[in-house]
Amino acid sequence: MKKKTAWIVSIILLFAMLAGCGMAEESAPALSIIPSISPSVSSAPAAERATAQAPAPNAAAPLAAPAAPPERALSDEDAAAVFFTADITEEGLQAVYDALEWSPSGSLAVKVTTGEPPNSNYLRQELIGGLVTSLNGTYVESNTAYGGSRAEAAMHYQVAEDHGFTPMVIMDEEESMELAVNNGDVLKGVNYVGARFGEFDSMLVLSHFKGHQMAGFGGAVKNISIGIGSSMGKVWIHSGGTRTEGGINGDTDPFQMAMAEAGLSVSDALGGGENIVYINVMNRLSVDCDCNGHPSEPDIHDIGILASRDPVALDKACLDLIWEADGNEAFVRRVEGRNGFLSLEHGEDIGLGTQAYELVRLG
């Protein structure tokens, strides 16, 4: 009996030691700011939320029914206008752009995702080419930080040309530059983008709305954070502001909050948000990002095109439409499994935008 009791006590002690190791906090390394480097490689404040580790991309689906998306108690006076059309054509795209009543100032960058070959769901030229040409815009992108066909500028330019994105500027083809992060604590006051970002005065952000293996979903906020971050900037964001080299692995919640802070730095750099507008295209609604050359087939029918001057409101409106759509189970699980709403909650907390919106249906 004594031997059995001792064995049980030993097991309990072993589990207690393992739990203690798992709960130990790892201190973040000191920030080393590198101004120019060749790319190589709930209602409570969001900062108070507990860190959660992202599940594996192919994790088993939970059996529970999806919860309703979180809501914030805001007045109509706080609401941002989000324009919607179900017409996913050149004419529909032009209509939502015109509804913004915005004109670019100076040189215009058009932020797109070039799409990983061979079969990603990037936005096609037959949809966006006419608008971009009419605005005399220049497509812009940044290199990836995870390998693939778009990790180095020379090959990335070739992919961009193959996919019809010309003229194109790979913003971090030579070096990075710093942008100030004026609110939030995750990125410690600095974001890293491609140095050629500084060549442009205005930006039109064209995003294919979809799921994402790490962020839960990809829309406007992701496109101006990870999408504009240089290779080192992508690592900085993915790691929650702890390093600029190495893989893009990191804890989910700091990553979500870092995206919002990086997006704020871009918005602030473009006239405090006055010189940047956003359009999300809700077609080919796969749970996988356009960085995946072999994405899962969509379970949700195409929905439409949405536009706003507020990236947080725009992404929230898109998520609300996903929550209402038939066949949304896999998409909802992916967003919830990555705590995807946190990027919008933190974005609202730090002043990037608002989750309160008015959906204005066109035509």
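As the structure is a computational prediction, the values presented were derived from the model and not from experiment. (Residues numbered from 1 in each chain as written. Predicted model: local features only at pLDDT ≥ 70, side-chain atom pairs only at ≥ 80, totals over all residues. Heavy atoms only, no water.)

Trainee: I would appreciate a short explanation of the nonpolar core in the present structure.
Mentor: Nonpolar side chains tend to gather and get buried jointly when the protein is soluble and globular. In terms of nonpolar packing, the biggest core is built from 48 residues, with Phe 197, Met 203, Phe 209, Met 282, Ile 303, Leu 306 and Ile 322 touching the most fellow members. Those elements that place two or more of their residues in this core are β1 (80–85), β7 (202–208), α5 (220–224), α7 (252–269), β10 (276–282), α8 (311–324), α9 (329–337) and α10 (342–350). The residues touching Phe 197, leaving out its near neighbours within four places in the chain, are Met 171, Met 177, Leu 179, Met 203, Ile 228, Val 266, Ala 269 and Leu 270. Ranked by size, the runner-up nonpolar core spans 30 residues in total, among them Phe 83, Trp 102, Leu 135 and Ile 279. (Core = buried A, V, L, I, M, F, W, Y, C linked by side-chain atoms within 4.5 Å. Buried < 20%, exposed > 50% of the residue type's maximum accessible area, 1.4 Å probe, protein only. Helix = DSSP H or I, 4+ residues; strand = E, 2+ residues; numbered from the N terminus. Contact = heavy atoms within 4.5 Å.)

Trainee: What is the right way to read the packing of aromatic side chains from this model?
Mentor: The geometry of an aromatic ring pair comes down to the distance between the two centres and the angle between the two planes. Under the defined criterion, the tally for this structure stands at seven aromatic pairs. A ring pair is formed by Trp 323 and Phe 341, whose centres lie 5.3 Å apart and whose planes are at 70°; its orientation type is edge-to-face. Here Trp 323, found in helix α8, pairs with Phe 341, found in the loop between α9 and α10; they are 18 residues apart in sequence, far enough to count as distant. Joined through ring pairs, the aromatic side chains of Tyr 122, Tyr 139 and Phe 165 make up one cluster. Note that Arg 124 overlies the ring of Tyr 122, its terminal NZ or CZ placed 3.7 Å from the centroid. (Phe/Tyr/Trp six-rings, centres within 6.5 Å; stacked < 30°, edge-to-face > 60°. Lys NZ or Arg CZ within 6 Å of the ring centre and 35° of its normal.)

Trainee: Please clarify how the pairing of β1 should be interpreted in this entry.
Mentor: Side-chain direction in a regular strand flips from residue to residue, so the side chains alternate between the two faces of the sheet. Among the six residues in β1, five count as buried, and that is most of the element. Two strands pair when backbone bridges link them, and β1 and strand β12 (residues 357–361) are joined in this way by five bridges, in the parallel orientation. In the sheet register, Ala 81 faces β12, and the bridge partner there is Glu 358. Taken together, the four bridges between β1 and strand β11 (residues 304–308) define a ladder with antiparallel strand orientation. Pairing of Phe 84 across the sheet is with Leu 306, part of β11. (Pairing = 2+ DSSP bridges.)

Trainee: Help me understand the packing of α7 against α10, please; the structure alone is not making it clear to me.
Mentor: Angle between the axes and distance between the axes are the two parameters that describe a pair of packed helices. Where α7 meets α10, the closest approach of the two axes is 8 Å, and the angle between their N-to-C directions is 45°. On the basis of the axis angle, α7 is oblique to α10. The hand of the α7/α10 crossing is right-handed. Residues Asp 253, Gln 256, Met 257, Met 259, Ala 260, Glu 261 and Leu 264 of α7 form the contact with α10, whose own contacting residues are Leu 342, Ser 343, His 346, Gly 347 and Ile 350. Considered class by class, the residues forming the contact of α7 with α10 number six nonpolar, four polar and two charged. (Axes fitted to C-alpha atoms, helices over the stretch in contact; angles between N-to-C directions. Parallel < 35°, antiparallel > 145°, perpendicular 65-115°, else oblique. Left-handed = near helix turned anticlockwise from the far one by under 90°. Nonpolar A, V, L, I, M, F, W, Y, C, P; charged D, E, K, R; others polar.)

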